[in-house]
Amino acid sequence: MRRLSGREIEQLDPYAFMAVIGKRVIHPGGRIATEQLFRRADFHEDDRVLDVGCGVATTAITIARRFGAKVTAVDISPLMLERAQANVQAAKVDDPVAIEEGDILSLRFPNESFDCVIAEAVTMFVERGRAAQELVRVSRPGARILATEFMWRRPPTAAAREIFLGQVCPGMRFDTVDDWVRIYENAGLINLQVDDGPFELMTPRGFLQDEGLARMLAIMGRVLTRPAHLKKMAWLMPRMQSAVPYLGYVVVAGEKQPSSQARA
Ligand SMILES: C[S@@+](CC[C@H](N)C(=O)[O-])C[C@H]1O[C@@H](n2cnc3c(N)ncnc32)[C@H](O)[C@@H]1O
């Protein structure tokens, strides 16, 4: 993988930076949220699964290995795609997992292509209603559609809100659980269910749970031995920590209406 310059590292968004330092789980709620999503998804062998905004393909690889599903994993970022491809090859799952470029707002797949579609921490970066409709469009009638989304667990202080949405993730949009449910209902999902929990992505406990001790130490080594990484982390961590008490995630799960019930 190409070594990024100090200037490129400075300009990375927090999620791409996490990928660069070797983090594998890059969404709020971490592996706990992914396990909640798996329980609702009820994957079967040979299911056609689409993972949109796959990041470094951690979830896609697990779905293929654990459930025997065929996974197409797409992301808009070349940096994520490069790491996703490397991880898939290292895990020797390049047959059941296909990695390709894709935009959640305009997927290349025909209508009704997948048995299950997931998007972990992606729609809040784009126009949410349109993204939800696109996830539904590529799902077959009756398919399961699941998304992990950021939310405020409790009302943030003005300072915490400004730091997170103004500085750490400029342009990101949050909604309440009810709003997220409405977005997915409006896109055509039925039988909606939700699970929620705290943020934990960058807390010491969440880091350890998601990455394990060996990877956590390797990541710390990568941060400490490159000044550009250290500088970025020193900027990011205090800002993240000020927002963490208010942040959470919600996993929204539902089904695409069978054709006979579909809206006009
Ligand atoms: C917070 S990360 C989540 C990554 C991964 N789903 C995970 O849980 O580890 C958000 C991901 O969404 C991707 N992304 C952002 N906008 C996108 C878009 N319009 N279409 C597809 N992927 C997008 C980013 O490149 C990034 O990989």
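Given the structure is predicted, the values throughout are model-derived calculations rather than measurements.

(A) The packing of helix H3 (residues 30-41) against helix H4 (residues 58-67), seen in detail. Their axes nearest at 12 Å, the elements H3 and H4 cross at an angle of 45 degrees. Accordingly, the angle class assigned to the pair H3 and H4 is oblique. Seen along the crossing, H3 lies across H4 with a hand that is right-handed. Between H3 and H4, the residues in contact are Arg-31, Thr-34, Glu-35 and Phe-38 and Thr-58, Thr-59, Thr-62, Ile-63, Arg-66 and Phe-67, respectively. A breakdown of the residues in the contact of H3 with H4 according to their chemical character gives three nonpolar, four polar and three charged.

(B) Representation of the packing of aromatic side chains within the structure. What the rule picks out here adds up to 13 aromatic pairs. Note on Phe-38 and Phe-67: the rings are 5.4 Å apart at their centroids and 80 degrees apart in plane angle, and the pair reads as edge-to-face. Of this pair, Phe-38 sits in helix H3 while Phe-67 sits in helix H4, and the two are 29 residues apart along the sequence. Relative accessible area serves as the criterion here: at 5%, Phe-38 is assigned to the buried category. Geometrically, the ring pair formed by Phe-164 and Phe-174 is edge-to-face, given 5.9 Å between the ring centres and 65 degrees between the ring planes. Remark: Phe-174 occurs in the loop between helix H7 (158-168) and helix H8 (177-186) and Phe-164 occurs in helix H7; sequence separation between them is 10 residues.

(C) The arrangement of the site of the ligand in detail. Near the ligand, the surroundings consist of 18 residues, among which His-27, Gly-53, Asp-75, Asp-103 and Ile-104 are the closest. For the ligand, an oxygen atom lies 2.5 Å from a polar atom in the side chain of His-27. Within the backbone of Gly-53, a nitrogen or oxygen atom sits 2.6 Å from a nitrogen atom of the ligand. Relative to its unbound accessible area of 590 Å², the ligand is 92% covered by the protein chains. Residues belonging to the shell around the ligand are distributed by class as follows: 10 nonpolar, five polar and three charged.

Rules used throughout
- Every chain is numbered independently, its residues counted from 1 as its sequence is written.
- It should be noted that, the model being predicted, local features are given only for residues of pLDDT at least 70 and side-chain atom pairs only at 80 or more, the latter also being counted only at that level, while totals for whole chains, interfaces and linings use all residues.
- Side-chain measures were taken over the full set of non-hydrogen atoms in the model, leaving aside hydrogen atoms and water.
- Whenever a helix is involved, its axis is fitted only over the stretch in contact; in every case the axis is a line through C-alpha atoms, and angles between N-to-C directions fall within 0 to 180 degrees.
- Numbering of helices and strands starts at the N terminus; helices are DSSP runs of H or I of at least 4 residues and strands are runs of E of at least 2.
- We call two directions roughly parallel when the angle between them is under 35 degrees, roughly antiparallel when it is over 145, roughly perpendicular when it lies between 65 and 115, and oblique otherwise.
- Helix crossings are classified by the rotation of the near helix relative to the far one: an anticlockwise turn of less than a right angle makes the crossing left-handed, while a clockwise turn makes it right-handed.
- The criterion used for residue contact is that any of the two residues' heavy atoms lie within 4.5 Å.
- We call Asp, Glu, Lys and Arg charged. Ala, Val, Leu, Ile, Met, Phe, Trp, Tyr, Cys and Pro are nonpolar, and the rest, Gly among them, are polar.
- Two aromatic rings, drawn from Phe, Tyr or Trp (for Trp, its six-membered ring), form a pair once their centres lie within 6.5 Å of each other, and the interplanar angle then sorts them: stacked below 30 degrees, edge-to-face above 60, tilted otherwise.
- Exposed residues in this analysis have more than 50% of their type's maximum accessible area, buried residues have under 20%, and partly exposed residues fall in between, with area computed by a 1.4 Å probe over protein chains only.
- Note on terminology: near, applied to a residue and a molecule or strand, indicates that one of the residue's heavy atoms is within 4 Å of it.
- N or O atoms closer than or at 3.5 Å make up a polar contact, with two conditions inside protein: a donor-capable atom paired with an acceptor-capable one, and, for residues adjacent in sequence, both atoms drawn from side chains.
- Where accessible areas are quoted, they stem from the Shrake-Rupley method and a 1.4 Å probe; at the residue level, only the protein chains shown are allowed to cover.

Read these as spatial facts, not as claims about activity.
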